[in-house]
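One letter stands for each residue in the lines below.
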Amino acid sequence: MGYGSKGTASALVLCGCACALVVPPAPARAFEFSGGVSVGGLQIGTGPRLAVSPFGGLLWRRESEFQLELHNMFSVVPGARIGIYDRTAISLVHVWKTGKFGLGPALSIYSMPVCGLMSCNRVLGIAPGGHTQTDWYFSEPLGVSVSANLDWAGGDSRVLHGDWVAMVTAGPVWRFGGESR
């Protein structure tokens, strides 16, 4: 498990540096932070698994309806052999007063126990993919978040059927900082 955590930290630093180069600087009051925890399904290998996923987001607020958001979700797959799946995405987000919808590329790092048709094994890897998320706020700071992610975990593996990983989660979200549109 030590190798996965070192790889996760390195990839997060690399992704953060890359995002800092891509996103123009903004005044501090232009940020909005959000966080929560989701529960949902992670399809990797031949069977779906339940994942518990704390997440956080940083939205660069502008006067426009379209903004940028950096979002990270760390998923833990419980069981006899615990799995982790860490996904970072940068999304173009459409924002309105009671919600937002975003779509963009993602990069995931994983260490998962996976069973294929003939064998079981632990797989480690990095997977590029796509991410979409929508948040609805029913009271000013509180709401619900639904996200979906599809990653390509290519390579030669007997246990990763089809080379695709899909995840759909839902849970409460809390936003703080920044001002509503």
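What you see is a predicted model; the values in this text were computed from it and never measured.

Draft legend 1. Main features of the nonpolar core. In terms of nonpolar packing, the biggest core is built from 17 residues, with Leu42, Ile44, Tyr85, Tyr110, Met112, Val123 and Val165 touching the most fellow members. Elements with a minimum of two residues in this core: β1 (31-44), β2 (47-60), β3 (66-77), β5 (99-115), β6 (120-137) and β8 (164-176). If near-sequence neighbours (up to four positions away) are discounted, Tyr85 is found in contact with Leu42, Met73, Phe74, Ser75, Ser108, Ile109, Tyr110, Met112, Ala127, Asp151, Val165 and Met167.

Draft legend 2. Main features of a nonpolar patch on the surface. Residues Phe33, Phe138, Leu142, Trp174 and Phe176 make up a contiguous nonpolar surface patch of about 540 Å² in total accessible area. On the secondary structure map, Phe33 appears in strand β1.

Draft legend 3. Local environment of the pattern of salt bridges. On inspection of all chains with the given rule, the structure shows two salt bridges. For Asp135, the salt bridge is made with Lys100, and the minimal N-O distance between the two is 3.6 Å. Of this pair, Asp135 sits in strand β6 while Lys100 is found in strand β5, placing the two residues 35 residues apart along the sequence. Given a relative accessible area of 0%, Asp135 falls into the buried group. Linked by salt bridges that have partners in common, Glu69, Lys100 and Asp135 make up one network.

Draft legend 4. Geometry of the side chain of His71. For His71, the location among the structural elements is in strand β3. Reaching out from His71, the side chain makes a polar contact with the side chain of Gln133 at a distance of 2.9 Å. When neighbours within four sequence positions are excluded, His71 is seen to be in contact with Phe55, Gly56, Gly57, Arg87, Thr88, Ala89, His131 and Gln133.

Draft legend 5. Summary view of the packing of aromatic side chains. A full pass over the atoms with the stated rule returns one aromatic pair. Aromatic pair Tyr85 and Tyr110: ring centres 5.6 Å apart, planes at 15 degrees, arrangement stacked. Of this pair, Tyr85 sits in strand β4 (residues 83-96) while Tyr110 sits in strand β5, placing them 25 residues apart in sequence. The buried category is assigned to Tyr110, whose relative accessible area is 6%.

The rules we used
- Residues numbered from 1 in each chain as written.
- Predicted model: local features only at pLDDT ≥ 70, side-chain atom pairs only at ≥ 80, totals over all residues.
- Heavy atoms only, no water.
- Core = buried A, V, L, I, M, F, W, Y, C linked by side-chain atoms within 4.5 Å.
- Buried < 20%, exposed > 50% of the residue type's maximum accessible area, 1.4 Å probe, protein only.
- Helix = DSSP H or I, 4+ residues; strand = E, 2+ residues; numbered from the N terminus.
- Contact = heavy atoms within 4.5 Å.
- Patch = residues over 30% accessible without salt bridge, like charges linked within 9 Å, V, L, I, M, F, W, Y side chains within 5 Å.
- Areas by Shrake-Rupley, 256 points an atom, 1.4 Å probe, with all protein chains shown as cover.
- Salt bridge = Lys/Arg side-chain N within 4 Å of Asp/Glu carboxyl O.
- Polar contact = N/O pair within 3.5 Å; in protein donor to acceptor, adjacent residues only side chain to side chain.
- Phe/Tyr/Trp six-rings, centres within 6.5 Å; stacked < 30°, edge-to-face > 60°.

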